[in-house]
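# Coordinate analysis (summary)
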Amino acid sequence: MLPDTESGLLAAFAALPGTPRVVASGNFATPYAVLGLLDKACASYRLNLLNAQPGIPDRPGVVHETSFVGPGMRTSRDLSYVPSRLSLLPRLFRTGLPPDVVLVHTSLPHQGTVSLGTEVNVLPAAVEEVRRRGGLVVAQMNPRMPYTYGDAVLPLDMLDHVLEVDAPLASPGHVEIDDAARAIGTLVADRVLDGAVLQTGIGAVPDATLLGLTGRRGLSVWSEMFSDGVLALDRAGALDEGKPVTASFVFGSPELYAWVHRNERVRLLRTEKTNDPALIKLHHRMVSVNTALQVDLFGQANASRIGRRIYSGTGGQTDFVVGAMHAPEGQAIVALRSWHPRADCSTIVPLVDEPVTSFQMSAVVTEQGVAEVFGHDQRSQARNLITRAAHPRVREELWEEAEALHLT
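Read on for a plain summary of the structure. Bear in mind the structure is a predicted one, so any value in this text is a computation, not a measurement.

## A word on the environment of P206
Tracing the backbone shows P206 in helix α6 (residues 204-211). Separated by 17 residues in the primary sequence, P206 and A189 place their C-alpha atoms 9.8 Å from one another. With residues up to four places along the chain from it excluded, the contact list for P206 reads T200 and G201.

Dropping the structure here:
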């Protein structure tokens, strides 16, 4: 397949009818070059991607559509948020959100295939549906995109147009691990046994947790995503080399991207596989570690909204909490700071006033301690959360609210 010229791609995009729905690689794999050409050619379209980063087109005529809001869409003037667990989002491409164009960021060709590289996620489902519908699949091929295996591998004949672009891959900014994050990470790591299967996200607390696990042995990874913390575990000898590192997408440092490139131990699978609770629960000692914006005295977590405005989304938290809780010796942990530094308020609240993201987790962990939740009656849950997870300055107030909620 010969690469397209920019003028050829502009013509192909200009021929699209109406207001097309454009599904693109999200997170830190957005194909900015081909997306920019589409934006020039189409007066209006719906842009569907996950965890959008800054720099995507944002103008009149462009509707931002997503089931997980990233910083590139949080202030969007025209945001269409579609609530969905990530494991179910591929189903929506076949029903309510049919794509007309899919833009992917891939590796260079290898043996008649390209790789979706760092971002598999919901893209295989989108590619299959758009081809069934007779739409376009356009690839931004980049020599810097790692070639990863699993569901990332895409035959060249699945692509309608390609544009070669040599561009650095984006990475998340460095996150400092402060004393609170270090304390939380230590408490979470203390609950993880040798041979556990890990799911974590990105940020100071997950990074601190993984740093606390370098002394474990026989660990494996089945996660929605992973970052540099998994590379640190591998170098420390903590991972079981006989088991694949399985996720749906990855982002991190250039060093991490080099590690995943043609690494047979890394398998990037479709989201409907990695996030399927029925598959998650098959892993012995599955440990799911997620965070939240708030947790209330009933053990309900809000991880998606601030002030009644969508901040992120359901994401995969519900999938992994349910799957881990059903796994043999599994546990689902919600880890967060007891005090929100920017909002200057407690993250342990009497009752969340936003939609609930997850509940019935194993435990809630803050820098104050570990509050056991699952298996305790509601009064014990509330007591544990107040005395072991909440910041001392709000405990008296929480006790008063607990009495009003009949939790004492």
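Alright, that's what it looks like, and here's the rest.
## As for the packing of helix α12 (residues 378-389) against helix α13 (residues 395-404)
At their nearest, the axes of α12 and α13 sit 10 Å apart, and the two run at 170° to each other. By the angle class used here, α12 and α13 are roughly antiparallel. Residue-level inspection shows R383, I386 and T387 of α12 in contact with α13, the latter providing R395, L398, W399 and A402. Partitioned by chemical class, the residues of the contact of α12 with α13 number four nonpolar, one polar and two charged.

## Regarding the nonpolar core
Membership of the largest hydrophobic core comes to 58 residues, with the highest contact counts inside it found for L159, L198, L219, F226 and W259. Top element by residues in this core is helix α4 (residues 123-132). It accounts for five residues. W259 has contacts with F226, V230, L231, D234, V245, R265 and V266, leaving out every residue within four places of it along the chain. One finds V34, I56, V69 and V165 within the second-largest nonpolar core, a separate group that totals 26 residues.

## Digging into the pattern of salt bridges
According to the stated counting rule, one finds 19 salt bridges in the structure shown. Between E128 and R270 there is a salt bridge, with the nearest N and O atoms lying 2.8 Å from each other. Of this pair, E128 sits in helix α4 while R270 is found in the loop between β16 (266-268) and α9 (271-274), placing the two residues 142 residues apart along the sequence. Across the pair R285 and E329 runs a salt bridge whose closest N-O atoms are separated by 3.2 Å. Linking R285 in the loop between α10 (277-280) and β17 (286-290) with E329 in the loop between α11 (317-326) and β22 (331-335), this pair joins segments that are 44 residues apart in sequence.

The rules behind the values
- Starting afresh in each chain, residues are numbered from 1 along the sequence in its written order.
- Given that this is a predicted model, residues contribute local features only at a pLDDT of at least 70 and side-chain atom pairs are listed and counted only at 80 or more, while totals for whole chains, interfaces and linings are drawn from all residues.
- In computing side-chain properties, one takes all heavy atoms of the structure into account and sets aside hydrogens as well as water.
- Think of it this way: any DSSP run of H or I at least four residues long counts as a helix, any run of E at least two long counts as a strand, and we number them from the N terminus.
- For this analysis, residues touch if any pair of their heavy atoms sits within 4.5 Å.
- Orientation is described by lines fitted to C-alpha atoms, with helices fitted over the stretch in contact, and by angles between N-to-C directions that extend from 0 to 180 degrees.
- Roughly parallel refers to an angle under 35 degrees, roughly antiparallel to one over 145, roughly perpendicular to one between 65 and 115, and oblique to any angle outside these ranges.
- As a working rule, the residues Ala, Val, Leu, Ile, Met, Phe, Trp, Tyr, Cys and Pro are called nonpolar, Asp, Glu, Lys and Arg charged, and the rest polar, with Gly in that last group.
- Put simply, buried Ala, Val, Leu, Ile, Met, Phe, Trp, Tyr and Cys residues joined by side-chain atoms within 4.5 Å make one nonpolar core.
- The rule is simple: take the accessible area with a 1.4 Å probe, protein chains only, and divide by the maximum for that residue type; under 20% is buried, over 50% is exposed, in between is partly exposed.
- By definition here, a salt bridge exists when the distance from a side-chain nitrogen of Lys or Arg to a carboxyl oxygen of Asp or Glu is within 4 Å.

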